[in-house]
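# Commentary on secondary and tertiary structure
One letter stands for each residue in the lines below.
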Amino acid sequence: MDKPVFTGSFTQQEPIPEAAIEAAIGVMRSGRLHRYNLAEGEVGEVALMEQEFAALTGAKYCLAVASGGYAMSCALRALGVGPGDKVLSNGFTLAPVPGAIASVGAEPVFVETTEALTIDLDDLAGQIGESGARVLLLSHMRGHICDMDRLMQICDGAGVAVIEDCAHTMGAAWDGLPSGRHGVIGCYSTQTYKHINSGEGGLLTSDDDEVMARAVLLSGSYMLYPRHTARPPVETFEKVKWTTPNVSGRMDHLRAAILRVQLADLPRQVARWNALYKIVEDGLRNTAGLQVIERAPKESIVGSSIQFLLPGASPETIGQVLRGCATRGVELKWFGAKEPVAFTSRYDSWRYARPRSLPRTDAILAGLLDMRLPLTFSTGDAAQIAGIIRDEVGQAHHQAVDRAG
Ligand SMILES: *Cc1c(COP(=O)(O)O)cnc(C)c1O
């Protein structure tokens, strides 16, 4: 009998909602696409978006920028990170994170990874002491949030400022507090594969007056910063405007217009993602040779992707699972590959950063598989996908056990 094959696309997102398309057409008809190009009395889509995102997360201030990567480099600059400074970050993250650190001439110091795929807090404490770094760029990679209470205790105790990379945690929370609200600055991405989609785009939030005034000036506000509405008082800008360079990276009204409609719908989308996630997670649980990533009770997640481990599996067994799933239409990414592939690269491929070796991270990544869950999948799709992975892992696992026996 032929095995069932999944025919959906793992890279197909939902269309932009009709109301967002209408809003975008309105902006194009106006001809005013630049954020500071406003009619008399007009606030503009970008400033409105900033206000709405600040309200959603409970942040005092918000700034919209060109990308998530830009938000992170802007955050580092706003905290005064410069050439030769060391910046702590996760050993398991995506390339734009160490890239943002390198973009300001600073050096990433990578920290080990736990089985929960979060930053190893004991290693973090050790590395703070050893490196003397004053800043942590914390990546909630693939939406996994570490014990934020303990992390903030460690960092506050050592005088380390925390920037949160929330590319995968927009809409998520730790102990009821939205992700991005624990550190000094939260950075978000609105790139197509994240939680709201403007092709490219980013957001930065903070409660700190001076940090935010610098970020606004850095983003390319010229002396038009009074046109922002989710900003610190103008007096704060007076203090920093002479010494803050313009590192142009603004958002435009067209993107903001389509984001505002999606932002209003985010809670509903989060619920849909989590329904898909739960079906796949339940379907994979209790598969021999496979370990699901248990989520902390204080974590509210956005299940836009799912990860699982094949602990102790050889590269051959993993290869067999990847090929078996691919043949049946299920696209898995492996973080253990020696060569960087597509979006997936690992800390030891970022050679410009001269990474130290991270044996515990290596052991985790060696068996780590990852899969996107776009909202174009139905709950039936999710169940079918879980069944296919279960079959293929089960088969590869039994063959490996037989070979060993
Ligand atoms: C996508 C992503 C970024 C960067 O966002 P861009 O908007 O693509 O620049 C940063 N961190 C993580 C973990 C990401 O997945």
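Residues numbered from 1 in each chain as written. Predicted model: local features only at pLDDT ≥ 70, side-chain atom pairs only at ≥ 80, totals over all residues. Heavy atoms only, no water.

The next point concerns the nonpolar core. L124, L136, L151, V330, L332, M371 and I389 are the most contacted members of the largest nonpolar core, which has 73 residues in total. Of the residues that make up this core, three or more belong to each of domain 1 (18–264) and domain 2 (266–404). One finds M72, I101, V211 and V240 within the second-largest nonpolar core, a separate group that totals 34 residues. (Core = buried A, V, L, I, M, F, W, Y, C linked by side-chain atoms within 4.5 Å. Buried < 20%, exposed > 50% of the residue type's maximum accessible area, 1.4 Å probe, protein only. Domains from an automatic or database assignment.)

Before going further, it helps to examine the site of the ligand. Close to the ligand lie 16 residues; G68, G69, H168, S189 and K194 are nearest. Take G68: an N or O atom from its main chain is 2.8 Å from an oxygen atom of the ligand. With respect to the ligand, the side chain of S189 contributes an N or O atom lying 2.7 Å from an oxygen atom. Its free accessible area being 380 Å², the ligand has 93% of it covered by the protein chains. Top element by residues in the shell around the ligand is helix α3 (residues 68–78). It accounts for three residues. Among the residues forming the shell around the ligand, the class breakdown is six nonpolar, eight polar and two charged. (Near = heavy atom within 4 Å. Polar contact = N/O pair within 3.5 Å; in protein donor to acceptor, adjacent residues only side chain to side chain. Areas by Shrake-Rupley, 256 points an atom, 1.4 Å probe, with all protein chains shown as cover. Helix = DSSP H or I, 4+ residues; strand = E, 2+ residues; numbered from the N terminus. Nonpolar A, V, L, I, M, F, W, Y, C, P; charged D, E, K, R; others polar.)

On to the domain arrangement of the protein. The assigned domain composition of the protein is domain 1 (18–264) and domain 2 (266–404). When each unit is reduced to the centre of its C-alpha atoms, the spacing between domain 1 and domain 2 is 28 Å. Opposite the 41 residues of domain 1 that make contact, domain 2 presents 36 residues. The junction of domain 1 with domain 2 conceals about 3300 Å² of combined surface from both sides, 57% of it contributed by carbon and sulfur atoms. Considering only the surface of domain 1 that becomes buried against domain 2, F110, E112 and R142 emerge as the three largest contributors, covering 20% of it. Linking domain 1 to domain 2 there are seven salt bridges. A salt bridge links D370 to R142, with the shortest nitrogen-to-oxygen separation between them at 2.8 Å. Applying the counting criterion to the domain 1 and domain 2 interface returns 18 residue pairs in polar contact (both at pLDDT 80 or more). (Contact = heavy atoms within 4.5 Å. Buried area = accessible area lost by both parts, 1.4 Å probe. Salt bridge = Lys/Arg side-chain N within 4 Å of Asp/Glu carboxyl O.)

So, about the sheet that holds strand β4 (residues 135–139). If you walk across this open sheet you meet the seven strands as β1-β9-β8-β5-β4-β2-β3, and the pairing is mixed. Taken across any chain shown, the strands that pair with only one partner, and hence form the sheet edges, are β1 (61–65) and β3 (107–111). Between one strand axis and the next, the sheet turns by 20° as a mean value, whatever way the strands run. Two strands pair when backbone bridges link them, and strand β2 (residues 86–90) and β3 are joined in this way by five bridges, in the parallel orientation. Within the sheet, the bridge partner assigned to K86 lies in β3 and is E107. Packed on one face of the sheet, α3 meets β1, β2, β4, β5 (161–165), β8 (185–189) and β9 (202–206) and runs near 160° to β8. Its contacts with the sheet put helix α4 (residues 96–103) on β2, β3, β4 and β5, and the angle it makes with β3 is roughly 145°. (Pairing = 2+ DSSP bridges. Axes fitted to C-alpha atoms, helices over the stretch in contact; angles between N-to-C directions.)

When glycine is set aside, most residues are seen to have a negative phi, and most peptide bonds are trans. Phi is positive for L117, which is not a glycine, with a value near 70°. Along the polypeptide, L117 turns up in the loop between β3 and α5 (121–131). Since its relative accessible area comes to 2%, L117 is described here as buried. Phi is positive for R354, which is not a glycine, with a value near 40°. Within the fold, R354 resides in the loop between β13 (333–334) and α12 (359–366). On the basis of relative accessible area, R354 is assigned to the exposed category, the value being 65%.

Before going further, it helps to examine the pattern of salt bridges. Using the criterion set out here, one finds 30 salt bridges in the structure. In this structure, D252 and R255 form a salt bridge, with 3.5 Å as the shortest nitrogen-oxygen distance. Overall, the relative accessible area of 28% leaves R255 in the partly exposed class. Connected through shared salt-bridge partners, K3, R328, D391 and E392 make up one network.

Right, let's get into the environment of D208. With respect to the helices and strands, the residue D208 is situated in the loop between β9 and α7 (209–218). Counting along the chain gives 192 residues from D208 to A400, while the straight-line C-alpha distance between them is 55 Å. Looking at D208, its side chain comes within polar contact range of the main-chain nitrogen of V211, at 2.9 Å.

Bringing helix α11 (residues 315–327) into the picture now. Its 13 residues place the ends of α11 18 Å apart at the C-alpha level, agreeing with the 18 Å of an ideal helix rising 1.5 Å per residue. Buried within α11 are the following residues: T317, I318, G319, V321, L322, G324 and C325. Looking at the buried side of α11, the elements it contacts are β13, α12, β14 (368–372) and α13 (379–404). (Expected span 1.5 Å × (residues − 1).)

It is worth spelling out the sheet that holds strand β11 (residues 299–300) at this point. Hydrogen bonds between backbone atoms are what pair the strands of a sheet, whose relative direction is either parallel or antiparallel. The three strands lie next to each other as β7-β6-β11, forming an open sheet whose pairing is antiparallel. Each end of this open sheet is capped by a strand with a single partner; those strands are β7 (177–178) and β11. Where strand β6 (residues 173–174) lies against β11, two bridges are found, and the strand directions are antiparallel. Its bridge partner lying in β11, W174 is registered against E299.

For any two aromatic rings, the description comes down to two numbers: the centre-to-centre distance and the angle of the planes. According to the stated counting rule, one finds nine aromatic pairs in the structure shown. Between F92 and F335, the ring centres sit 5.0 Å apart and the planes meet at 85°, which makes this aromatic pair edge-to-face. A residue pair is termed long-range when its members are at least 10 positions apart, and F92 in the loop between β2 and α4 and F335 in the loop between β13 and α12 qualify at 243 residues. Pair check on accessibility: F92 and F335 agree, each one buried. When the centroid spacing of 4.2 Å and the interplanar angle of 5° are considered together, the rings of Y225 and F237 count as stacked. Separated by 12 residues along the polypeptide, Y225 in the loop between α7 and α8 (234–240) and F237 in helix α8 bring together distant segments of the chain. Members of the aromatic cluster, connected to one another through ring pairs, are F6, F10 and F377. If you follow R372 out to its NZ or CZ, it ends over the ring of Y193, 4.2 Å from the centre. (Phe/Tyr/Trp six-rings, centres within 6.5 Å; stacked < 30°, edge-to-face > 60°. Lys NZ or Arg CZ within 6 Å of the ring centre and 35° of its normal.)

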